[in-house]
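Secondary and tertiary structure notes
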Amino acid sequence: MKIAISGGTGFVGEALTEHFTSQGNHVFILTRNPDGKPPKENVTYVKWLSEDADYTELAGVEAFINLAGETINGKWTDEKKNQILSSRIQATREMLRIIEKMEPKPHTLINASAIGYYGTSETEKFDERTTEAGNDFLAKVTEKWEAEAVKAEQYGVRVVRTRFGLILDKEEGALPRMALPYKLYAGGPIGSGDQWYSWIHIDDIVYLIDFALHNGSVTGPVNATSPHPVQMDDFGRLLGRTLNRPHWLPLPGMVLRTTLGEMSTLILDGQKVFPQVALERGYKFKYPTLSAALSAIYEKAR
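Figured I'd write up the structure that's included with this text. (Residues numbered from 1 in each chain as written. Predicted model: local features only at pLDDT ≥ 70, side-chain atom pairs only at ≥ 80, totals over all residues. Heavy atoms only, no water.)

1. Considerations on the packing of helix α1 (residues 11-22) against helix α5 (residues 202-214)
Direction vectors running N to C along α1 and α5 enclose 60°, while the axes themselves pass 10 Å from each other. Judged by the inter-axis angle, α1 sits oblique to α5. Judged by the sense of rotation from one axis to the other, the crossing of α1 with α5 is right-handed. Residue-level contacts link F11, V12, A15, L16, H19 and F20 of α1 to I202, I205, V206, Y207, I209, D210 and L213 of α5. Here the contact of α1 with α5 is composed, by residue class, of eleven nonpolar, one polar and one charged. (Axes fitted to C-alpha atoms, helices over the stretch in contact; angles between N-to-C directions. Helix = DSSP H or I, 4+ residues; strand = E, 2+ residues; numbered from the N terminus. Parallel < 35°, antiparallel > 145°, perpendicular 65-115°, else oblique. Left-handed = near helix turned anticlockwise from the far one by under 90°. Contact = heavy atoms within 4.5 Å. Nonpolar A, V, L, I, M, F, W, Y, C, P; charged D, E, K, R; others polar.)

2. Examining the environment of L85
Mapped onto the elements, L85 comes out in helix α2 (residues 78-101). Considered as a pair, L85 and G8 are 77 residues apart in the sequence and their alpha carbons are 19 Å apart.

3. Here we look at helix α6 (residues 232-242)
Among the residues making up α6, those that are buried are M232, F235, G236, L238, L239, G240 and T242. Looking one or two residues past α6, N244 carries a phi angle of roughly 60°, positive in sign. (Buried < 20%, exposed > 50% of the residue type's maximum accessible area, 1.4 Å probe, protein only.)

4. Remarks on the packing of helix α4 (residues 175-183) against α6
In the contact formed by α4 and α6, the axes pass within 10 Å of each other and the chain directions differ by 70°. In terms of their interaxial angle, α4 and α6 are classed as roughly perpendicular. In this structure, the crossing between α4 and α6 has a hand that is right-handed. Seen from α4, the contacting residues are L175, M178, A179 and Y182; seen from α6, they are M232, F235, G236, L239 and G240. Among the residues forming the contact of α4 with α6, the class breakdown is seven nonpolar, two polar and no charged.

5. Quick notes on the sheet that holds strand β1 (residues 2-6)
One open sheet holds the seven strands; their spatial order is β3-β2-β1-β4-β5-β7-β11, and the pairing between them is parallel. Only two strands of the sheet have a single neighbouring strand rather than two, namely β3 (43-47) and β11 (220-224). The average undirected angle you get between the axes of adjacent strands in this sheet is 20°. Sheet topology places strand β5 (residues 108-114) next to strand β7 (residues 158-164); seven bridges connect them, and they run parallel. What sits directly across from S113, in β7, is R163. In the packing of α2 onto the sheet, the strands contacted are β1, β2 (26-31), β4 (63-66) and β5, and the crossing angle to β4 comes to about 170°. (Pairing = 2+ DSSP bridges.)

6. Some remarks on unusual backbone geometry
Between E103 and P104 the backbone carries a cis peptide bond, its omega angle lying at 0°. Here P104 shows up in the loop between α2 and β5. In this structure, N42 takes a positive phi of about 65° despite not being glycine. With respect to the helices and strands, the residue N42 is situated in the loop between β2 and β3. According to the relative accessible area criterion, N42 is partly exposed, its value standing at 26%. A positive phi angle, near 60°, is found at N244, a position not held by glycine.

7. What about the nonpolar core?
Among the nonpolar cores identified, the biggest contains 34 residues, and L16, I65, F164 and I205 are the most heavily contacted of them. Broken down by element, the residue count for this core peaks at eight residues, all from α5. Once residues lying within four places of it in the same chain are set aside, the contact partners of I65 are I3, A4, I5, S6, L16, F20, M95, I110 and I209. One finds L175, Y182, F235 and Y287 within the second-largest nonpolar core, a separate group that totals 23 residues. (Core = buried A, V, L, I, M, F, W, Y, C linked by side-chain atoms within 4.5 Å.)

8. Quick word on the pairing of β1
Here β1 lies mainly inside the structure; four of its five residues are buried. Across five bridges, β1 lies against β2 in parallel orientation. Counted as the bridge partner of K2 is H26 from β2. Running through α1, the crossover from β1 to the neighbouring parallel element β2 is right-handed. (Right-handed = clockwise from strand over helix to strand, strands pointing away.)

Structure below.
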């Protein structure tokens, strides 16, 4: 299969590229700066989001995976918020322009999104079937982002909207920053400790996207989270136990809200999210429990 990935040089994109190429697929990575990229077997870098972009190499691509967007890390100034939203809308619209001109059309667009779509709560349970969009900044961003992606359906393209939870990996994402205090014997509950973390191992992100790509019955929103979310205090205790470190030193929420501003909601205000669609369609999680995920991650390091 020929697969095009925007954001293919990022954390998730690199994992997907390695997975797909190892299976003999050819991956076209859409990037602003294709020059100087190290050559890889079954990988072609295609310049995009540029006036001189030439998409003729994408002829015959059967599926698009859209991961592009400004990182949400960093203090959310007005400028940063605008970049977070506009980068996602711009990338998705560019992908739609490419699809519009293609013949034949790709059969699938998998558009990355986030569980931020649901807003936050310590008491509610969120799933794709029963929950509407929330009202905070991230909820509005993801709602607008998904609305753009859905427009690909007018070209007969199946659209899957994968809503990513907290992605766990030893080297990338949030886990290394979460593990650092424990490695320094300073780990402990953050904020109330009652906030829910809806997490997923990086391998399950890759396998779930592959599953959605190859199963035509999967469409619409798909929560990319483990079926077993945990509260922060339990997460921290298990992380400390896995690293053989204590879970004892609290970090008051006020400290994070002061230093990180509105972005602190990612850490202090949780969401209890369930992957209802993935389970209904028969996806089997490689790491359904946090214990299994953390053990696999840190066993690899030993």
